[in-house]
Amino acid sequence: MSDVILEIGMEEVPARFLPAALKELKASAETALEEARLPFSEVKTFATPRRLVLYMRGVADRQEDLHEEVRGPSEKVAYDSEGNPNKALKGFMASQGVVPGDITIRDGYVFATKTATGESRMTVLKEMLPKLILSLHFPKTMRWGSHQLRYVRPIHWILALCDDQVIPFSIEVAESDRLSRGHRHLGESEFAVASVDTYFTQLAENYVIVDQDKRRAMIQDQLHQLVDEAGGQLEEDPALLEEIVYLVEYPTALLGRFDDAFLEIPPELVITPMKEHQRYFPVRDAAGKGLLNAFLTVRNGTDDYLDVVRAGNERVLLARLSDARFFFEEDLKVLPESRLEKLKSVVFQEKLGTVYEKVDRLQGLAGQIGQGLGYAEKTVADAVRAARLAKTDLVSNVVGEFPELQGIIGEVYVERSGQDNQAVAQAVREHYMPRFYGDDLPATEAGTILALADKFDTIVGCFAAGIEPTGSQDPYGLRRQASGIVAILISNQISASLAALIDLAIQALPADLVKNPAALGDQVLRFFDQRMRTVLKEKGYDTIFVDALLAAGYDNPLATMQRAAITDQFRQDEKEAFEGILQTYKRANNLARKSDDRAINPDLFDDPTESQLHTAIKAYQDKHKEAPVQDQLLALTALSQPLDAFFDAVMVMDEREDVRMNRLALLRDYTELGKALADFDRLN
């Protein structure tokens, strides 16, 4: 058994690309080893900004021998009348690389027994590793020099070792070797790695911590130590921490300071330049509420000349905060509503017009949605007012410089204007929520109304304009918007029809943009199928159950989730009864498919069980069609008795056509009863 290291050395790779690349490289390597019949004990992957590393432990000396039996032509076809191999058998043996001695006959067919002796580990690896390098996928790739190879960044070196031996291979841009490179400024520009056993130690001596988990732990320990010394609390940000882990090879954290006068501006204006522009961690006070005039950052290097580095970071932040304060103070000189006119020159989408026109639609749509969902008149009025102001911060100085603050700074401007109440201001911020998967949802009723209006207008408008997400392309974030709608409705226990809300949004669009409102509405509603499917699977429901449930409809997301929960609980608590529904339904449905559109004619009944089943079906339709889900399931369970009696008493496929079709119509109507709950046929 031996250990193997593959290091792909490159120019600095964007941090956001590396986690996915690590997962793909690990999975691909494990699959390749298994397919190559080369046993191994463990595969690990590591990454720094300048390298991807594959570490394979316990790799066997050779492939496992292959013993395979392949079926060929039938015995009759393989041999002539005299028992000699004919053309078909000879061609089969040639294709499989076997001789007559490898052929056996069984069950009327010839079989070729193939045996292949396993190749050596080195032979396998020198073919496998270049394929692994070239198989990786990245969101963006590039070419360099005169090379045809496209990769995430230029490849400068490839280290490939099995224990202390180089694994020889080449790709277009580089040949494998035992040479690696240290930290760009602190380590050796090039050095030979003696063996896999010394790889990690030699890299560490050259100021490269290869293991991202170790770098993460180092950063966290250093940050918490510094923040404790400062008497504050670290503003945790897992996403920022993850990015920094892949931005550095040798982390050293430091604490910087800034003028506490900047704490007088909104905290978001301090935090955003820190996080989004400089990758700094803000520091909260000991209570974890207000900000301290301090920040934490991570240097890619040692603690040498740390005071110089700290001073440089403080100067950069000072410039950013000074800009933020200037823009903020300039913005406060005008009221939010006075910016509406500027929105007429900001295009939302070519066919949908300007942002000003979107604001106009939002005011009407927010009012209709609020009233339709039964909110109080004052709440609806606040939502409509917030709709008028919601986009005004897009033309402010602060959002021009810090786009991440749209909505957030809009709330501040509405508050500072003194023209509106807190509910309106908060709705301005909340109408973007949720901004991403797992984000907070609107906390106020006015914010909820406006968030729904904004998202429905965007989705319906884009579909009407011919903009529909395809593959990985979703420039207007329609999937996220739809997921946000579903999350808001379910979380706030809002029982609402998606189709009805979609229709309101369609009515608000320019008339010349919508050629067929009904078709557009159906198209948008279908778009929510995958969103509902995702939510249900996140709740732990299996794919078959989700398919069956959604086949019954998902127009009301809240009702759909409730139906799922009750039906799933029923099938667990009442297993026998639920199985009875499925079996009865299956038996009935197999025959009901042969029915036509004829109505049931009681005059054609010639057995009491037909009348009894018809009466039971009518009773269900009258009493249970709109009943609670639990009652519908119990009623379907009760229907099994008259249906079983019907099957026992009559021959459904009677030779008399009118009687036969009448009995099939009975079964057809029975199978229609449970379709509002689920497609039981899918559960069988």
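Let me begin by describing the structure that accompanies this report. This structure is a prediction, so every number in the text was calculated from the model and none was measured.

The next subject is the packing of helix 18 (residues 517–538) against helix 20 (residues 557–573). One can describe the packing of helix 18 onto helix 20 by two numbers: an axis separation of 11 Å at closest approach and a directional angle of 35°. Viewed along their axes, helix 18 and helix 20 form a crossing whose handedness is right-handed. Facing helix 18, whose interface residues are Met 532, Val 535 and Leu 536, helix 20 presents Pro 557, Thr 560, Met 561 and Ala 564. When its residues are assigned to classes, the contact of helix 18 with helix 20 shows six nonpolar, one polar and no charged.

Moving on to the sheet that holds strand 15 (residues 281–284). The strands making up a sheet are joined through hydrogen bonds of the backbone, oriented either antiparallel or parallel. Spatially, 13-15-16-14 is the arrangement adopted by the four strands of the open sheet, whose pairing is antiparallel. The sheet is open, and its two borders are formed by strand 13 (233–234) and strand 14 (251–257), each paired with just one other strand. Of the strand pairs in this sheet, strand 13 and strand 15 are connected by two bridges, and their pairing is antiparallel. Note that in strand 15 the partner of Leu 234 across the bridge is Val 283. Against the sheet, helix 9 (residues 306–331) engages strand 14 and strand 16 (291–300), with an angle of about 55° to strand 14.

Let's shift gears to the layout of surface pockets. Each pocket or cavity is described by its volume, and for the largest pocket that value is around 1,000 Å³. Mapped by element, the contributors of at least two residues to the lining of the largest pocket are helix 7 (238–245) and helix 8 (267–278). Quantified by volume, the second largest pocket comes out at close to 440 Å³. Along the walls of the second largest pocket sit 19 residues, with Tyr 437, Ser 483, Ala 487, Val 535 and Glu 538 positioned nearest its centre. For the lining of the second largest pocket, the secondary-structure elements that each account for two or more residues are helix 16 (478–491) and helix 18. By residue number, the principal contributor to the lining of the second largest pocket is helix 16, which donates eight residues.

Turning our attention to the pattern of salt bridges. Throughout the structure, instances matching the rule amount to 44 salt bridges. In this structure, Glu 235 and Arg 284 form a salt bridge, with 2.5 Å as the shortest nitrogen-oxygen distance. One end of the pair, Glu 235, is in the loop between strand 13 and helix 7; the other, Arg 284, is in strand 15, with 49 residues separating them in the sequence. Per residue, the accessibility class of Glu 235 equals that of Arg 284, and both read buried. For Asp 547, the salt bridge is made with Arg 533, and the minimal N-O distance between the two is 2.3 Å. Residue Asp 547 is located in helix 19 (residues 543–551), and its partner Arg 533 is located in helix 18; the two are separated by 14 residues in the primary sequence.

Under the counting rule described, the total for this entry stands at 17 aromatic pairs. On the numbers, 5.1 Å between centres and 85° between planes, the contact of Tyr 199 with Phe 200 is edge-to-face. Classification of Tyr 199 by relative accessible area gives buried; the value is 0%. One aromatic cluster is present, formed by Phe 46, Tyr 55, Tyr 199 and Phe 200 through successive ring pairs. Above the plane of the ring of Phe 348 lies Lys 358, whose end atom (NZ or CZ) is 4.7 Å from the centre.

Turning to the pairing of strand 16, a few remarks are in order. Remember that side chains alternate between the two faces of the sheet whenever the strand is regular. Pairing analysis gives seven bridges linking strand 14 to strand 16, with the strands arranged antiparallel. Note that in strand 16 the partner of Gly 256 across the bridge is Phe 295.

The next subject is the side chain of Thr 567. Mapped onto the secondary structure, Thr 567 falls in helix 20. In terms of polar contacts, Thr 567 uses its side chain to reach the backbone carbonyl oxygen of Arg 563, at 2.7 Å. Not counting the four nearest positions on each side in its chain, Thr 567 is found in contact with Phe 545, Phe 578, Val 629 and Leu 633.

What follows covers the packing of helix 10 (residues 355–372) against helix 15 (residues 445–464). Where helix 10 contacts helix 15, the two axes come as close as 9 Å, and the packing angle between them is 125°. By the criterion of interaxial angle, the relationship of helix 10 to helix 15 is oblique. As helix 10 runs across helix 15, the sense of the crossing is right-handed. Here Lys 358, Arg 361, Leu 362, Leu 365, Ala 366, Ile 369 and Gly 370 of helix 10 come into contact with helix 15, specifically with Ile 449, Leu 452, Ala 453, Asp 454, Asp 457 and Thr 458. In terms of residue class, the contact of helix 10 with helix 15 is made up of seven nonpolar, two polar and four charged.

For the rest of this paragraph, the subject is helix 16. Compared with an ideal rise of 1.5 Å per residue, which puts 14 residues at 20 Å, helix 16 spans 20 Å between its outermost C-alpha atoms and is within 8% of the ideal. Every buried residue of helix 16 is accounted for by Leu 478, Gln 481, Ala 482, Gly 484, Ile 485, Val 486, Ile 488, Leu 489 and Ile 490. For helix 16, the secondary structure elements touched by its buried residues are helix 15, helix 17 (498–508), helix 18 and helix 20. In the stretch just after helix 16, Gln 493 is the one whose phi turns positive, near 55°.

Now for the sheet that holds strand 4 (residues 66–74). One open sheet accounts for three strands, arranged 4-6-5; its pairing is antiparallel. With partners counted over all chains shown, the strands left at the sheet margins are strand 4 and strand 5 (103–106), one partner each. Averaged over neighbouring strand pairs, the angle between their axes works out to 30° when direction is ignored. Bridge count for strand 5 against strand 6 (residues 109–116) is four bridges, and the pairing is antiparallel. Paired with Arg 106 across the strands is Tyr 109, a residue of strand 6. Of the strands in this sheet, strand 4, strand 5 and strand 6 are in contact with helix 3 (residues 87–96), which crosses strand 4 at around 160°.

Residues Met 433 and Pro 434 are joined by a peptide bond in cis, for which omega reads -10°. Locating Pro 434 in the fold gives a position in the loop between helix 14 (422–430) and helix 15. Although it is not a glycine, Arg 37 adopts a positive phi angle of roughly 60°. By the element assignment, Arg 37 lies in the loop between helix 1 (18–35) and strand 2 (42–48). Of note in the backbone geometry, Tyr 305 takes a positive phi value of approximately 55° without being a glycine. Checked against the element boundaries, Tyr 305 lands in the loop between strand 16 and helix 9. Note on Tyr 305: relative accessible area 67%, which makes it exposed.

Bringing the pairing of strand 3 (residues 51–59) into the picture now. Burial analysis of strand 3 places eight of its nine residues in the buried class, the great majority of the element. Two strands pair when backbone bridges link them, and strand 1 (residues 2–10) and strand 3 are joined in this way by seven bridges, in the antiparallel orientation. Across the sheet, Ile 5 pairs through a bridge with Tyr 55, a residue of strand 3. Looking at chain direction, strand 2 and strand 3 are connected through seven bridges and run antiparallel. Considered in strand 3, the bridge of Val 43 is made with Met 56. Where strand 2 folds back on strand 3, the antiparallel hairpin that results is connected by two residues.

Rules used throughout
- Residues numbered from 1 in each chain as written.
- Predicted model: local features only at pLDDT ≥ 70, side-chain atom pairs only at ≥ 80, totals over all residues.
- Heavy atoms only, no water.
- Axes fitted to C-alpha atoms, helices over the stretch in contact; angles between N-to-C directions.
- Helix = DSSP H or I, 4+ residues; strand = E, 2+ residues; numbered from the N terminus.
- Left-handed = near helix turned anticlockwise from the far one by under 90°.
- Contact = heavy atoms within 4.5 Å.
- Nonpolar A, V, L, I, M, F, W, Y, C, P; charged D, E, K, R; others polar.
- Pairing = 2+ DSSP bridges.
- 1 Å grid on protein atoms, 1.4 Å probe; cavity = no way out; pocket = protein on both sides within 12 Å on 5 of 7 lines; lining within 4 Å.
- Points joined across faces, edges and corners; volume = space filled by probe spheres on them.
- Salt bridge = Lys/Arg side-chain N within 4 Å of Asp/Glu carboxyl O.
- Buried < 20%, exposed > 50% of the residue type's maximum accessible area, 1.4 Å probe, protein only.
- Phe/Tyr/Trp six-rings, centres within 6.5 Å; stacked < 30°, edge-to-face > 60°.
- Lys NZ or Arg CZ within 6 Å of the ring centre and 35° of its normal.
- Polar contact = N/O pair within 3.5 Å; in protein donor to acceptor, adjacent residues only side chain to side chain.
- Parallel < 35°, antiparallel > 145°, perpendicular 65-115°, else oblique.
- Expected span 1.5 Å × (residues − 1).

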